[in-house]
Amino acid sequence: MTAYKQASDARSNRPARRLARTFLRQGIAAVCAWSMLTAWPAHADNADDAAVITTRAGALRGVEHGVVDVYQGIPYAAPPVGDLRWRAPQPAASWTGIRDATQPGNACVQSATFWRPGNGASWHEDCLNLNVWKPRHVDAHLPVIVWFHGGGWINGAGADMQPVQIASQGNIVVTVDYRLGALGYLALPALDAESSDRQSSGNYGDLDKISALKWVRQNIAAFGGDPDNVSIGGQSAGAGSVCWLLASPAAKGLFNRAIIESIGDCAIVSHDTATTRGKTFAEALGCTDPSTEIACLRRKRPADIIDAQVKTNLTWRPVTGGSAQPVPALDAFRSGNFNRVPVLVGNVRHETRVFVYEGNDMVRQPLTPDGYRSSVQTQMGDKASRVLAEYPLNAYPSAGVALAAVQTDSRFACGSVPVADALSAWVPTYTYEFRDDTAPHTPYMVVPPSFEIGAAHSSELQYIWRGDAATPVSSGQSSGYLPLSPEQSRLSQMMQTYWANFARTGNPNTATQPDWPRYDTAKTQRLGLLPGGATDIITGDAYAKEHHCGFWAAMQ
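Note that the structure is predicted; figures quoted are calculated from it, not measured.

**Some remarks on helix 9 (residues 302–312)**
Counting buried residues in helix 9 gives eight out of 11 residues, a clear majority hidden from the surface. Pro302, Ala303, Asp304, Ile305, Ile306, Ala308, Gln309 and Thr312 are the residues of helix 9 that are buried. Buried residues in helix 9 make contact with helix 3 (181–185) and helix 7 (271–284). Directly beyond the C-terminal end of helix 9, a positive phi value near 50° is found at asparagine 313.

**With respect to the pairing of strand 2 (residues 59–65)**
Here strand 2 lies mainly inside the structure; five of its seven residues are buried. Relative to strand 2, strand 1 (residues 49–54) is paired through four bridges, and the arrangement is antiparallel. Across the sheet, threonine 54 pairs through a bridge with alanine 59, a residue of strand 2. Between strand 1 and the antiparallel strand that follows it, strand 2, lie four residues; glycine 58 among them carries a positive phi value of about 155°. Looking at chain direction, strand 2 and strand 4 (residues 98–100) are connected through three bridges and run parallel. Residue pairing for strand 4: alanine 59 is matched across the bridge by isoleucine 98.

**Quick look at the packing of aromatic side chains**
The tally for this structure, following the rule as stated, stands at 17 aromatic pairs. Between tyrosine 71 and phenylalanine 223, the aromatic rings sit 5.4 Å apart at their centres with planes inclined by 75°, giving edge-to-face as the arrangement. Within this pair, whereas tyrosine 71 is found in strand 3 (residues 68–75), its partner phenylalanine 223 is found in the loop between helix 5 (204–219) and strand 8 (225–235), the two being separated by 152 residues in sequence. Aromatic ring contacts, followed pair by pair, group Tyr430, Tyr432, Tyr498, Trp499, Phe502 and Trp516 into a single cluster. We note arginine 526 situated over the ring of tyrosine 543; from NZ or CZ to the ring centre the distance is 3.8 Å.

Conventions adopted
Residues numbered from 1 in each chain as written. Predicted model: local features only at pLDDT ≥ 70, side-chain atom pairs only at ≥ 80, totals over all residues. Heavy atoms only, no water. Buried < 20%, exposed > 50% of the residue type's maximum accessible area, 1.4 Å probe, protein only. Helix = DSSP H or I, 4+ residues; strand = E, 2+ residues; numbered from the N terminus. Contact = heavy atoms within 4.5 Å. Pairing = 2+ DSSP bridges. Phe/Tyr/Trp six-rings, centres within 6.5 Å; stacked < 30°, edge-to-face > 60°. Lys NZ or Arg CZ within 6 Å of the ring centre and 35° of its normal.

If you want it as structure tokens, here you go:
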């Protein structure tokens, strides 16, 4: 959309060397702060084994937590190791006896990163697992929400989300691990030749999600879920995954609603670009002979894969081309040729303020006026002078807020407008903007920010998808956030009610909450989610003015 290098989760695109310096300077304090929240025993004192549930592959024993039962580390596909590396997922093996499902499975291969310090790096390729959270004493046919984690397609895990509260309200929630980075999104001509249609590679992480949805369809009734009422949802890279699934013919019939949180314009990588990047990656690993390239790559250790990702600093994300994703998601939405289900889509008001903080205050010093101008020039190229005129420093309280406004508006707020417009022409669409500027910071933010972080990227997650940070859960981790205040909890309860009703019916509205108008291109109304559980209706004109969307549309 702009000359700025797009990345839906900017955490993923920072060089790992800078992240290492972050840990050296700030990480010890961050890890100590985080460990105070995560140092819970694997089984909380009040946790007992949950009832045994039998799936098609075998029996599982989970763990109780309050009124919720949790079944974790359930394999939905075979380990993608050896010759199965960079292939579509294969069926998981069955087992005899009762499988222990009281602990999460392995996180997929990834480097350590400061925003999830309690979870570190992973070298595990045996990671195609999912977790099921269910209320204990319920009837069958509950709505099912399948959640895909964020992390820029190179970090994160299903266990990062611990949806105790929304599950306890009568929903089955499934969180999924999927292949990340080069192992999930490498595209090469030789891998194209191995694919089923002999023309597509680079979507292994998203084919994993299709495999997980097939597992849900086959098994979720055993947990009390309704296989004919499945919502998919995700935030950041996870929301990009939802875009991909909406546009994928291979996902047809596997879900009934979709939730997209903080992704912008659903951009993915063209096949030509992806294969060019793939060659660069293969060369970094010393696999340069076309006749042995894939065999060479499959012999590399996960640690080598991580090192090559750091060395090349490439962007990994879903790829167009082939039968699973023939065209970019936005093109599919505009044409009407996508999986037509109701969609809930939105952003937070100050998406990238936390990224500006992480790249400046936390590792060096607050952004200076000269640094602001230099950053805009680097990111915008020959359009920089127009951007600096549209976003003059004297209009903002600090250089950091100014840069975050440029990034938020160009990459997220205005990028999401064409998505909402396109979807609403075909399916019921509900849009929102999360505006609780009081949302809690995360424990790694040990350096005081030089500006208000506001409603920043990921700040809405605790309100819907995480448990109470002060309460241990069976996986041995807390939610990783500070507890919500009573005012924040009121908004959290409201949002969970909206999201749950959308998952149940395809419409977020209930008789007890303010009306959430359906979005259409004539009114373009968004629901503003405000501190204390208040709401307002944000008109399209007001939204476009605040986020300079007319300016960015003219910049394309």
